[in-house]
Amino acid sequence: AATAGADILCLCDTNGGTITARLGEIVADVRRRFDGVIGIRAPDAFPLLGLISTLGPALAMGNTVVLVAGRGALTAAELIRVIQNSDIPAGVLNIVTASNPDGMANVLAGHKDVDAIWSFGDSKAIGEVEARSISNMKRTHTESNMDWMGPQGASLDFFRAATQIKNIWVPYGA
């Protein structure tokens with residue numbers, strides 16, 4: 001299960017007290033899969049580091065990203081020039097600039113085609129994003145006082161947040 005990417009595997013006794021012979025097949029179907037479309041409200045502090053720290057894991061795990069540039073919109077505009085000359089396919093990364101980035105994050109949080117939202121702003125803005133995401137059960141990853149220069153900024157938490165554990169139920173027996 002660990003090599004398939006699962007963090008936790010739970011087997012319930014639904015087979016008369018025995019382990020199914022198809023255990024390996026079931027375990028192979030428990031793994032981390034990408035979220036789909038992630039909306040990211042980029043942090044205002046350390047604009048380039050924050051952009052790269054959030055975009056890298058989201059894109060590396062196979063997601064499409066709609067990035068709200070935050071108050072570092074010029075940094076995001078420079079990053080666009082680099083990305084346009086890379087191998088990232090068109091439409092995989094979409095960058096939006098707004099005079100009110102927190103308001104745009106709220107729009108993404110309520111949008112039905114966005115599967116997850118990450119927000120790195122002040123506590124009030126994060127609370128609004130989380131409240132807006134409830135209606136469509138959107139996954140959220142939020143931080144208000146992130147230490148981008150410390151270990152938290154280089155954390156594997158972004159990779160975990162960019163995926164979700166999926167499993168496939170394999171009925172067994174009559």
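It should be noted that the structure appears before, not after, this text.
Fair warning: this is a prediction, and the values are worked out from it, not measured in the lab.

## Comments concerning the sheet that holds strand β3 (residues 64–68)
Spatial strand order, β4-β3-β2-β5-β6: 5 strands in an open sheet with parallel pairing. At either margin of the open sheet sits one strand with a lone partner, and together these are β4 (93–96) and β6 (139–142). In this sheet, neighbouring strand axes are inclined to one another by 15° on average, regardless of whether the strands run parallel or antiparallel. Contacting β2 (37–41), β3, β4 and β5 (116–119), helix α4 (residues 101–110) runs over the sheet at an angle of about 150° to β3.

## Regarding the nonpolar core
Ranked by internal contacts, the top residues of the largest apolar core, which has 21 residues, are I38, I40, V65, L67 and W118. Not counting residues up to four positions away in its chain, the partners in contact with W118 are I38, G39, I40, R41, T54, A58, H141, F158, A161 and A162. Ranked by size, the runner-up nonpolar core spans 8 residues in total, among them A105, L108, A109 and I117.

## So, helix α3 (residues 73–84)
Between its first and last C-alpha, α3 extends 16 Å over 12 residues, near the 16 Å set by a 1.5 Å rise per residue. Every buried residue belonging to α3 is among A76, L79 and I83, and all of these are buried. Along the axis of α3, the buried positions cluster into a sector of 60°, meaning they face one direction only. Turned more than 90 degrees from where α3 packs its buried face, L74, R81 and Q84 sit exposed. Each element contacted by the buried residues of α3 is listed here: α2 (47–60) and β4.

## A few points about unusual backbone geometry
Residues other than glycine seldom take positive phi values, yet F46 does so here, at roughly 50°. Looking at where F46 falls in the secondary structure, it is placed in the loop between β2 and α2. One non-glycine residue, M137, lies in the positive phi region at around 55°. Looking at where M137 falls in the secondary structure, it is placed in the loop between α5 (123–133) and β6.

## So, the pattern of salt bridges
Side chains bearing opposite charge may pair, as long as their charged atoms lie close to each other. Inspection of the entire model under this criterion finds 4 salt bridges. Between R41 and D44 there is a salt bridge, with the nearest N and O atoms lying 3.0 Å from each other. With a closest N to O distance of 3.0 Å, D102 and R41 form a salt bridge. Here D102, found in helix α4, pairs with R41, found in strand β2; they are 61 residues apart in sequence, far enough to count as distant. Taking the relative accessible area as the measure of exposure, R41 reaches 1% and is therefore buried. Three or more residues are tied together by salt bridges with common partners; here these are R41, D44 and D102.

## Some points on the packing of α2 against α3
α3 packs onto α2 with a crossing angle of 55° between their chain directions and a minimal axis gap of 9 Å. Between α2 and α3, the interaxial angle falls into the category oblique. Crossing angle aside, the handedness with which α2 passes α3 is right-handed. Contact residues: α2 offers P47, L48, L51, I52 and L55, while α3 offers T75, A76 and L79. Of the residues in the contact of α2 with α3, the class split is 7 nonpolar, 1 polar and no charged.

## Describing the environment of N63
Residue placement: N63 occurs in the loop between α2 and β3. Sequence separation between N63 and L93 is 30 residues, and the spatial gap between their C-alpha atoms is 8.9 Å. In terms of polar contacts, N63 uses its side chain to reach the backbone amide nitrogen of G36, at 2.9 Å. Side-chain polar atoms of N63 contact the backbone oxygen of A58, separated by 3.0 Å.

Criteria and cut-off values
Residues numbered from 1 in each chain as written. Predicted model: local features only at pLDDT ≥ 70, side-chain atom pairs only at ≥ 80, totals over all residues. Heavy atoms only, no water. Pairing = 2+ DSSP bridges. Helix = DSSP H or I, 4+ residues; strand = E, 2+ residues; numbered from the N terminus. Axes fitted to C-alpha atoms, helices over the stretch in contact; angles between N-to-C directions. Contact = heavy atoms within 4.5 Å. Core = buried A, V, L, I, M, F, W, Y, C linked by side-chain atoms within 4.5 Å. Buried < 20%, exposed > 50% of the residue type's maximum accessible area, 1.4 Å probe, protein only. Expected span 1.5 Å × (residues − 1). Arc of directions from axis to C-beta. Salt bridge = Lys/Arg side-chain N within 4 Å of Asp/Glu carboxyl O. Parallel < 35°, antiparallel > 145°, perpendicular 65-115°, else oblique. Left-handed = near helix turned anticlockwise from the far one by under 90°. Nonpolar A, V, L, I, M, F, W, Y, C, P; charged D, E, K, R; others polar. Polar contact = N/O pair within 3.5 Å; in protein donor to acceptor, adjacent residues only side chain to side chain.

Functional significance is not addressed by these values, which are geometric in nature.
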